[in-house]
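# Secondary and tertiary structure notes
This is what each chain is made of:
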Amino acid sequence: MFAKVQAQLRNRADLLLTGRLEELAQQYRYPLPLFLGKSRLIVRNADDGRAMLGVLRQAFRDRGVHAIQPEVVAVDMPTSDRVRFWVDWHEIAPDATRVSSALYYSRLTPDGMRTEMVTYTRLSMPELNPSFAALALSA
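This section reports on the structure supplied with the text. On a predicted model such as this, the values are computed, not experimentally measured, just so you know.

Let us now look at helix H3 (residues 46-63). Taking 1.5 Å of rise per residue, the 18 residues of H3 would be expected to cover 26 Å, and the 26 Å separating its terminal C-alpha atoms lies within 8% of that figure. Among the residues of H3, Ala 46, Gly 49, Met 52, Leu 53, Leu 56, Arg 57, Ala 59, Phe 60 and Arg 63 are the ones counted as buried. The buried residues of H3 occupy one face: seen down the axis, they fall within an arc of 160°. Turned more than 90 degrees away from the buried face of H3 sit Arg 61 and Asp 62, all of them exposed.

Written out as structure tokens, the structure is:
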């Protein structure tokens, strides 16, 4: 299971950096609760997911992030068709490497693993909170 999670997260990083947001948005189940520190955001559908991912991608581009490397810290034993895992996301940019940490709650489906909820325990870009809040209000 560990290798499967690691491979899917590498794929997600590649999809984000290459702008394949439609494909990436399909790897989530909606509505998708996101806990960003003390804030909470509900991504209602794939259209909102693509918008949020677009904001994230643009922020990475603005910072010069040229690679995102997921480091799977731990994977729980799957229960029924659900699994949770902890990930550190290393964002590689010329000026600095930042790290976000998150706990993912996912479901194993015939179409692959779909994330149902994400809790960020460490945010690398707290400056995005206002952008995400604005997206939530406009949805």
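Pairing within the open sheet is mixed, and its six strands lie in the order S2-S1-S6-S5-S4-S3. Edge positions in the sheet fall to strand S2 (39-43) and strand S3 (67-75), since each of these pairs with one other strand and no more. For this sheet, the mean angle separating the axes of adjacent strands, direction not counted, is 30°. Direction of pairing for strand S1 (residues 32-36) relative to strand S6 (residues 112-122): parallel, over a ladder of three bridges. Its bridge partner lying in S6, Phe 35 is registered against Thr 119. Each of S1, S2, S3, strand S4 (82-92) and strand S5 (97-109) is contacted by H3, which is oriented at about 125° to S2, the strand it contacts most.

Quick look at the packing of aromatic side chains now. Scanning the entire structure with this criterion turns up one aromatic pair. Where Phe 85 meets Tyr 104, the ring centres are 5.2 Å apart and the plane angle is 5°; that geometry is what we call stacked. Pair noted here: Phe 85 is in strand S4 and Tyr 104 is in strand S5, with a separation of 19 residues, a long-range link. As far as burial versus exposure is concerned, Phe 85 and Tyr 104 are alike and both buried. One Lys or Arg, Arg 12, reaches over the ring of Tyr 28 and ends 4.7 Å from the middle of that ring.

Moving on, we come to the nonpolar core. Counting 33 residues, the largest nonpolar core has Leu 16, Phe 85 and Tyr 104 as its most contacted members. Aside from chain neighbours lying at most four places away, what touches Phe 85 is Val 5, Leu 9, Ala 74, Val 75, Ala 102, Leu 103, Tyr 104, Ser 106 and Met 113.

Bringing the side chain of Glu 116 into the picture now. Tracing the chain through its elements places Glu 116 in strand S6. The exposure class of Glu 116 is buried, given its relative accessible area of 16%. A polar side-chain atom of Glu 116 sits 3.0 Å from a polar atom in the side chain of Arg 82. Sequence-distant contacts of Glu 116, that is, excluding residues within four places in its chain, are made with Arg 29, Pro 31, Leu 32, Pro 33, Arg 82, Tyr 105, Ser 106 and Arg 107.

Here we come to unusual backbone geometry. Following Tyr 30, the chain continues into Pro 31 via a peptide bond in cis, with omega recorded as 0°. Position of Pro 31 relative to the elements: it lies in the loop between helix H2 (21-25) and S1. Its identity is not glycine, yet Ser 80 carries a phi of approximately 55°, on the positive side.

Cut-offs applied
- Residues numbered from 1 in each chain as written.
- Predicted model: local features only at pLDDT ≥ 70, side-chain atom pairs only at ≥ 80, totals over all residues.
- Heavy atoms only, no water.
- Helix = DSSP H or I, 4+ residues; strand = E, 2+ residues; numbered from the N terminus.
- Expected span 1.5 Å × (residues − 1).
- Buried < 20%, exposed > 50% of the residue type's maximum accessible area, 1.4 Å probe, protein only.
- Arc of directions from axis to C-beta.
- Pairing = 2+ DSSP bridges.
- Axes fitted to C-alpha atoms, helices over the stretch in contact; angles between N-to-C directions.
- Contact = heavy atoms within 4.5 Å.
- Phe/Tyr/Trp six-rings, centres within 6.5 Å; stacked < 30°, edge-to-face > 60°.
- Lys NZ or Arg CZ within 6 Å of the ring centre and 35° of its normal.
- Core = buried A, V, L, I, M, F, W, Y, C linked by side-chain atoms within 4.5 Å.
- Polar contact = N/O pair within 3.5 Å; in protein donor to acceptor, adjacent residues only side chain to side chain.

Shape descriptors only; they carry no functional weight alone.
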